[in-house]
Amino acid sequence: MGKGGQDYANNSAVESPSGKEIFPAWSKSAEECEEYYQVKHQFGLSSAEVEKRCKIYGYNEMEKHEGVSIFKLILDQFNDTLVRILLLAAVVSFILAWLDGEEGGEKEITAFVEPLVIFLILIVNAIVGIWQENNAEKALEALKEIQSEQATVIRDGKKIPNFPAKELVPGDIVELRVGDKVPADMRVLKLISSTCRVEQGSLTGESEAVSKTVKAVPENSDIQGKKCIVFAGTTVVNGNCICLVTRIGMSTEIGKVHAQIQEASQCEEDTPLKKKLNEFGEALTLIIGIICALVWLINVKYFLTWDYDNGWPQNFKFSFEKCTYYFEIAVALAVAAIPEGLPAVITTCLALGTRKMAQKNALVRKLPSVETLGCTTVICSDKTGTLTTNQMAVAKLVAMGIRVGTLRTFSVDGTTYDPSDGGIVDWRAGLMDANLQMIAKIAAICNDAGVEESGHHFVANGLPTEAALKVLVEKMGFPGGLDVSSSGHNDVLRCSRLWSELEHRIATLEFDRDRKSMGVIVNSSSGKKTLLVKGAVENVLERSSYVQLLDGSVEKLDQRSRDLILDSLQGMSSSALRCLGFAYKEDLPEFATYNGDEDHPAHELLLNPENYSSIESQLVFVGLVGLRDPPRKEVRQAIEDCQAAGIRVMVITGDNKNTAEAICREIGVFGSNEDISSKSLTGKDFMVHPNQKDHLRQTGGLLFSRAEPRHKQEIVRLLKEDGEVVAMTGDGVNDAPALKLADIGVAMGIAGTEVAKEASDMVLADDNFSTIVAAVGEGRSIYNNMKAFIRYMISSNIGEVASIFLTAALGIPEGMIPVQLLWVNLVTDGPPATALGFNPPDRDIMKKPPRRSNDSLITAWILFRYLVIGLYVGIATVGVFVIWYTHGSFLGIDLAGDGHTLVSYSQLANWGQCSTWKEFSVAPFSAGSQTFSFASDPCEYFRVGKIKASTLSLSVLVAIEMFNSLNALSEDGSLMTMPPWVNPWLLVAMSVSFGLHFLIMYVPFLAQVFGIVPLSLNEWLLVLAVAFPVVLIDEVLKFIGRCTSGWRNSMTRATTKHKAE
């Protein structure tokens, strides 16, 4: 990368060839710029000078940032507490499986399933993470595509077309034409055409193409004010000019955006949910460590014994086999405590959420964004194209009255380029008077734009203001009614076409900045030549001497009529309408015989733009229109929804202050009579504000106009520092850094640039602000559902830990092996947890304030509830194990049908001493088609023979967790008010989970792998009898929760307030 990528100067300066001085080219004349850069625009730089400057500045290209290595990306995926615990458990399990494998036998198959499944989970998780990381780099790649690849440059006095743009250096002379992409930041030296317009909205946020000038501007001008500078990556839409390269590579405005995107990508933070899960993982690590240590301490007597001699321990005896056995229990405990299925269920729920949002035109690019949307507290919205349609439309039509000094005003409805969208209020179609006909004629013919239907939308070809005038002509209709036969049925602009057929255009007086008008000379159907003019009302009025009245008569334009027209102009301008005036002239002696022939003497007049003002004099003024980029119809309601939901809306736009304030009042960001002097600032004013954070903390909406990319970034950064969760919308290149920095970057799908889309987390397919609000509601619903299944899975894991801990504490044989727990966590729990993601949203979900990003995922009360539930799960699973060994019947259910031998609880708790028991014998028992006999070694009854008891424990665990999923339908709502069928997917999921459990139980191969056997009907009745009370226990706890909710909430608020202080 050459030195062109270095930022030599500050944001408002251009680097000199010497590399030492600062030179603001926009505030210097063209001659001063040529002198400073030691170049003449007629000849350009010499080859020797180019070579010298190339060594100083390098190439005109974006800096190539070194991406993160694949090895670093892989390591980053394991920088997560839960993942590390899983990895440790998998490694230990694999080692133990290997040791078991040395002995061979059936246990080998079972032992290897668990570590392999955990490794598979970790690999899939890493692949997904790496894929998401790589997506972050695409925004920078998309930015490079915006750069021009070729340019027309003048060097050594020769014009070189298709010159590689990356070889440009400061001081190069470049010629720009219509359609060219600007290759570098350049100072305009000379206009070849009368005017040159550049579309730079994607960089500056302006809603219209900007006319460029040769004239210098003040040195402290903002980016929008630099009218004599063309910026890299923008496009010439009209005219051609000669320019001087002043900045290249990373020193250009687009280069700064590139650097800001890179900087913003380094500042990306974890989502609120990810932070909560990481905190949970750290707490889980501590809890697992403590419980594992307790299990070992409780059981150390079984593998380490010693004798005392004179009070000192001697003759230590260590059993490696038993030590390994209890180590396996500790590993089982870790597996039980970790919700292995949680990452997969979260991903599934988020993916389902993205599908729901896609149906509402919100396309989510990054899955975690779905959840983050739910706690959005501030939406920073662009104005143009998001709050407004980005389609200019005529809102007011002012025509002359029946006599001098009178006006007629018509309101025009419609917000799009669709001619059938709205109409003119109180309009009599087909009955236009002469004055209105002239307005329609000028609007139709003095116009280079077009409108066409593209899919379900109408799009403009050419300048938006001119396209809006064409739509107005269609709404006005044609005098005497429209003769459809003369124009195709699919012709969108039928009336404009008819006017063009009647008045044949033979010459154009192009728009320029000095006279601020455009004119066309037409050969009318009457045979006369007529000049039709449109432009800035003040300028057209200044060159008008007459006025046309309603009946077509022409009268002298007196001062009273001028003042009346100017008052009307002032009223429309104060409503943020952009006004255009219309006039005509029929006395054209120089053009009486002109028909467009280049040899005609009048043609010479048209070649010199300086003659246009004199041609456009003594005009007849006919009327004016007010245009605007109208707000979307549904935005006002969406703003009200945001206010009800406790979400603040801030409008950040590159457009001018008056226009933005008028739109904000209309859509409800500000009240119609609200004093907004402290709430509406320009980006520049905000940057020098003495207390920026206090300004941002104001209640209600805020407006920032004339905002540059760095202003947007600073606002987002300050809001995030203040603890806000920020959603930022944007469509242009200039928005990309702020989109990247925000918690949720929202790009426009229709008008948005590829750079903005790649930098975003979500894309709006319809470019509509109300879609964001709908997505926030969906995000809140998804978060509530995620909270339900996270709590459900965690409560299940607490139960598994309690079961293993009780087993170890009581000294009875191990009830469930790790592979069974892994199956429950991953497969059996998975469908119900996923189905909880389909819980219907609360009706008042958008009436509540957003949750704080630091809100606990699991409150103290919820944790207590699930500790109680978990304790019952432990008691139930261990209890059914003990019942099978010690009882022939339970709750009237006969359990002796399989012929198994009953033992006392004392024998079960001391089963390790079985070999010392005299005359201990065990009868064979059956399980399905199998018969288990222990004639050779009765003690195997507690190792191999526990398979039936273990199956009962596993089945109770599965049944309890299915019932517990019903408890998770609502945090505090009873099943009486929130019955299971409100979420039919949950009932289906429970059936699937039970079906999977039956599958591993009744398919012999799978039963062997999981170490279980088929159960009889009576045994299933026992399972259900032991499992069902979990519903009753949680109903009691929910009732207590409802009764104490007010007290708990007040305690939480007091604690939060105390922490804040």
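Structure first, text after, so check above.
Predicted model, so just to flag it, every value in this text is computed and none were measured.

## Here we look at the environment of Ala351
Consideration 1: Note on placement: Ala351 falls in helix H11 (residues 342-359).
Consideration 2: Placed 15 residues apart in sequence, Ala351 and Lys366 show a C-alpha to C-alpha distance of 9.7 Å.

## What about the state of the cysteines?
Consideration 1: Applying the stated criterion across every chain, the model contains one disulfide.
Consideration 2: Between Cys196, a free cysteine, and Cys241, which holds the nearest cysteine sulfur, the sulfur-to-sulfur gap is 3.8 Å.

## A short note on the packing of aromatic side chains
Consideration 1: Under the defined criterion, the tally for this structure stands at 26 aromatic pairs.
Consideration 2: Ring geometry for Trp917 and Phe920: centres 5.2 Å apart, planes at 80°, overall edge-to-face.
Consideration 3: Residue classification places Trp917 among the partly exposed residues on the basis of a relative accessible area of 21%.
Consideration 4: Consider the rings of Phe994 and Phe998, whose centres lie 6.3 Å apart with planes at 25°: the pair is stacked. Residue Phe994 and its partner Phe998 are both found in helix H33 (residues 984-1002); the two are separated by four residues, about one turn of the helix.
Consideration 5: Assessed through its relative accessible area of 18%, Phe994 is described here as buried.
Consideration 6: Among the aromatic residues, those joined into a ring-pair cluster are Phe881, Trp884, Tyr885, Trp917, Phe920, Phe925, Phe932, Phe934, Tyr941 and Phe942.
Consideration 7: The residue whose ring lies beneath Lys226 is Trp26, and the NZ or CZ to ring-centre distance is 3.9 Å.
Consideration 8: The ring of Tyr866 has Arg865 lying over it, and the distance from NZ or CZ to the ring centre is 5.6 Å.

## Topic: the pairing of strand S9 (residues 241-247)
Consideration 1: Of all seven residues in S9, seven are buried; the element is thus mostly enclosed.
Consideration 2: Sheet topology note: the strand S3 (residues 173-176)/S9 ladder contains four bridges and is antiparallel. Note that in S9 the partner of Val174 across the bridge is Cys243.
Consideration 3: As defined by bridge partners, strand S4 (residues 185-191) adjoins S9 across six bridges and the pair is classed as antiparallel. Residue pairing in the sheet places Val188 in a bridge with Cys243 of S9.

## Topic: the pattern of salt bridges
Consideration 1: Evaluation of the coordinates by the stated rule reveals 29 salt bridges.
Consideration 2: For Glu674, the salt bridge is made with Lys679, and the minimal N-O distance between the two is 3.2 Å.
Consideration 3: Residue classification places Lys679 among the buried residues on the basis of a relative accessible area of 13%.
Consideration 4: Notably, a salt bridge pairs Arg943 with Asp937, separated by 3.9 Å at the nearest N-O pair.
Consideration 5: Each of Lys693, Glu714, Arg717 and Glu721 takes part in salt bridges that share partners, so that together they form one network.

## Considerations on the packing of helix H20 (residues 635-644) against helix H27 (residues 769-810)
Packed helices, taken two at a time, are described by the angle their axes make and the gap between the axes.
Consideration 1: Contact geometry of H20 with H27 gives a least axis separation of 8 Å together with a crossing angle of 35°. Considering how the two elements wind past one another, H20 and H27 form a crossing that is left-handed. Contacts from Val635, Ala638, Ile639, Asp641 and Cys642 in H20 reach Phe769, Ser770 and Val773 in H27.
Consideration 2: Across the contact of H20 with H27, the residue classes break down as six nonpolar, one polar and one charged.

Conventions adopted
- Residue numbers restart at each chain and count upward from 1, following the sequence in its written direction.
- Local features in this predicted model are restricted to residues of pLDDT 70 or higher, and side-chain atom pairs are both shown and tallied only at a pLDDT of 80 or more, whereas totals for entire chains, interfaces and linings draw on every residue.
- Neither water nor hydrogens contribute to the side-chain values; these are computed over all heavy atoms in the structure.
- Each helix corresponds to a stretch of at least 4 residues labelled H or I by DSSP, and each strand to a stretch of at least 2 residues labelled E; elements are numbered beginning at the N terminus.
- For this text, the term disulfide refers to a pair of cysteine sulfurs within 2.5 Å.
- Any pair of Phe, Tyr and Trp rings, taking the six-membered ring for Trp, is counted once the centres come within 6.5 Å. Such a pair is stacked with planes under 30 degrees apart, edge-to-face with planes over 60 apart, and tilted for the rest.
- Here's how the labels work: a residue is buried when its accessible area is under 20% of the maximum for its type, exposed when over 50%, partly exposed in between, all with a 1.4 Å probe on protein chains only.
- A ring has a charge above it when a Lys NZ or an Arg CZ is no more than 6 Å from the ring centre and no more than 35 degrees off the ring normal.
- Only strands joined by at least two bridges in the DSSP assignment are considered to pair.
- We count a salt bridge whenever a side-chain nitrogen from Lys or Arg sits within 4 Å of a carboxyl oxygen from Asp or Glu.
- Orientation is described by lines fitted to C-alpha atoms, with helices fitted over the stretch in contact, and by angles between N-to-C directions that extend from 0 to 180 degrees.
- Here a crossing is taken to be left-handed if its near helix is turned anticlockwise relative to the far helix by less than a right angle, and right-handed if that turn runs clockwise.
- Working rule for contacts: check all heavy atoms of both residues, and any pair within 4.5 Å makes them a contact.
- For this classification, Asp, Glu, Lys and Arg are treated as charged, while Ala, Val, Leu, Ile, Met, Phe, Trp, Tyr, Cys and Pro are nonpolar and the rest, including Gly, are polar.

Geometric descriptors of this kind do not, in isolation, establish any biological role.
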